[in-house]
Amino acid sequence: MTSAHFDEGMALKRKVLGDDYVDRAWSEAQNDDFAMAMQEVMTEAGWGTVWKRPGIDIKARLMMNLAMLTALNRPHELAIHLRGAIRNGFTREEIREILIHTGPYCGWPATLDAVRVARRVFAETETGGKAG
């Protein structure tokens, strides 16, 4: 698949999540039409259209993702976007404050689960682990 939105989306996805993650996701979807269709649509529509919109920067979008993924209790996606946040300059303190802020709005159980995921991601990041 190729279009301007797809190409821009792929470049932004790589900037936010890193080449290793993107290459692994594409590799895993190569022989699976079901998964590949999802990768293509997410890259073009999600990353190439929504993430590329003007008005808010990548940092604000990542902050929203961390809060929304906490609220939805989606630990796998939260870990991916935590890695993206760290990759794009977020400090542990900023991530901690985002998660604390979710507590009263998303519920403390969801926030505590997010803290567990964040602690795991911090440990992997500090030791050079690459779970995805």
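Residues numbered from 1 in each chain as written. Predicted model: local features only at pLDDT ≥ 70, side-chain atom pairs only at ≥ 80, totals over all residues. Heavy atoms only, no water.

Undergrad: Quick one: what's the story with helix H1 (residues 4–17), residue by residue and with numbers?
TA: An ideal rise of 1.5 Å per residue puts 20 Å on 14 residues; H1 measures up with 20 Å between its terminal C-alpha atoms. Regarding H1, the residues found buried are Phe6, Gly9, Met10, Leu12, Lys13, Val16 and Leu17. Against helix H2 (19–29), helix H3 (33–50), helix H4 (58–71) and helix H5 (75–87) lie the buried residues of H1. Residue Gly18 follows H1 closely and has a positive phi angle near 95°. (Helix = DSSP H or I, 4+ residues; strand = E, 2+ residues; numbered from the N terminus. Expected span 1.5 Å × (residues − 1). Buried < 20%, exposed > 50% of the residue type's maximum accessible area, 1.4 Å probe, protein only. Contact = heavy atoms within 4.5 Å.)

Undergrad: Give a description of helix H7 (residues 108–127) that names residues and reports values.
TA: The terminal C-alpha atoms of H7, which comprises 20 residues, lie 28 Å apart, in line with the 28 Å expected from a rise of 1.5 Å per residue. Tucked into the core, H7 has its buried residues touching H4, H5 and helix H6 (92–106). One or two positions beyond H7, positive phi appears at Gly128, with a value near 80°.

Undergrad: Run through the pattern of salt bridges, naming residues and quoting values.
TA: Once their charged atoms are close, side chains differing in charge can pair, the charge on each being opposite to the other. The tally for this structure, following the rule as stated, stands at eight salt bridges. Here Arg83 and Glu124 are joined by a salt bridge, their closest N and O atoms 2.8 Å apart. Here Arg83 is found in helix H5, whereas its partner Glu124 is found in helix H7, with 41 residues between them in sequence. Arg120 is the partner of Glu124 in a salt bridge, and the nearest nitrogen-oxygen pair spans 3.4 Å. (Salt bridge = Lys/Arg side-chain N within 4 Å of Asp/Glu carboxyl O.)

Undergrad: Give a detailed account of the packing of aromatic side chains, specifying residues and quantitative values.
TA: All told, the structure shown has two aromatic pairs when counted by the stated rule. With centroids separated by 5.9 Å and ring planes inclined at 90°, the aromatic side chains of Phe6 and Trp26 adopt a geometry described as edge-to-face. Here Phe6 is found in helix H1, whereas its partner Trp26 is found in helix H2, with 20 residues between them in sequence. Accessibility assignment for this pair places Phe6 and Trp26 in one class, buried. Ring centres of Trp47 and Trp51 lie 4.3 Å apart, and the angle between their planes is 20°; on these two criteria the pair is classed as stacked. The buried category is assigned to Trp51, whose relative accessible area is 12%. (Phe/Tyr/Trp six-rings, centres within 6.5 Å; stacked < 30°, edge-to-face > 60°.)

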